[in-house]
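Observations on the three-dimensional arrangement
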Amino acid sequence: MRKNFNTLKVARMTEAFPQAVVSGQYIFLSGMPGTDPVSGKIISDDFESQTRQCFLNIKTILEEIGSDMSKIIKTTIFMVTGNDFSIVNKIYNDFFPENAPARSTPQVMPFPAGILISVECIALS
């Protein structure tokens, strides 16, 4: 059994796919860029600001589903540049001060619209 999930508290990037899919005890979040939750526009051209906003948006979506950040078991962080690991690690530690989830961080070709980072994750419901 699976169910698509979207919340109005975070603007959707597109109607082509949901913000999350819930299946059994798992929540699969689609890639989340650092967009303003109301306007849906990139909040800044600053990598650190975009990164922090990615995780804030994920937090909001998970809370709307009835889960939370402590239930994330795996993240995939897609970065346009490969030299920003110290920023990602700092913010990762802010959101996951204990028992951080597994993570992979591939470098990707540039995203459209000035997106510098996108984070997807798997969480428990």
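Relevant structure appears above.
Described in the following lines is the structure provided in the data block. All values derive from a computational prediction rather than experimental measurement.

**Focus on the pairing of strand E3 (residues 26–33)**
Two faces make up the sheet, and in a regular strand the side chains alternate between them. One ladder, built from 4 bridges, connects strand E2 (residues 20–23) with E3; its direction is antiparallel. Paired with Val-21 across the bridge in E3 is Phe-28. Counted between consecutive antiparallel strands, the loop separating E2 from E3 contains 2 residues, among which Gly-24 sits at a positive phi close to 60°. As judged from the 6 bridges shared by E3 and strand E6 (residues 117–124), these two strands associate in the antiparallel manner. When the bridges of E6 are listed, Phe-28 appears paired with Ile-122.

**Quick word on the nonpolar core**
With 26 residues, the main nonpolar core has Phe-55 and Ile-58 as its most contacted residues. Going through the elements one at a time, E2, E3, helix H1 (47–65), strand E4 (72–79), helix H2 (85–95) and E6 are the ones with two or more residues in this core. It is H1 that provides the largest number of residues to this core, a total of 6 residues. Setting aside chain neighbours within four positions, we find Ile-58 in contact with Leu-29, Met-32, Met-69, Ile-72, Val-119 and Cys-121.

**Notes on the environment of Thr-14**
Inspection of the secondary structure assignment puts Thr-14 in the loop between strand E1 (2–5) and E2. Judged by relative accessible area, which is 30%, Thr-14 ranks as partly exposed. Along the sequence, Thr-14 and Ser-49 sit 35 residues apart, while their C-alpha atoms lie 22 Å from each other. A distance of 3.1 Å separates a polar atom in the side chain of Thr-14 from the backbone nitrogen of Ala-16.

Rules and cut-offs
Numbering of residues starts from 1 in every chain and runs along the sequence as written. It should be noted that, the model being predicted, local features are given only for residues of pLDDT at least 70 and side-chain atom pairs only at 80 or more, the latter also being counted only at that level, while totals for whole chains, interfaces and linings use all residues. Side-chain measures were taken over the full set of non-hydrogen atoms in the model, leaving aside hydrogen atoms and water. One requirement defines pairing of two strands: DSSP has to find at least two bridges between them. Under the DSSP-based scheme used, a helix requires at least four consecutive residues in state H or I and a strand at least two consecutive residues in state E, with every element numbered from the N terminus. Residues grouped as a nonpolar core are buried Ala, Val, Leu, Ile, Met, Phe, Trp, Tyr and Cys residues, joined through side-chain atoms within 4.5 Å. Classification of residues uses two cut-offs on accessible area relative to the type maximum, computed with a 1.4 Å probe and protein chains only: under 20% is buried, over 50% is exposed, and between them is partly exposed. It only takes one pair of heavy atoms within 4.5 Å for two residues to be counted as in contact. Here a polar contact means two N or O atoms within 3.5 Å. Within protein one must be a hydrogen donor candidate and the other an acceptor candidate, and residues neighboring in sequence count only if both atoms are side-chain atoms.

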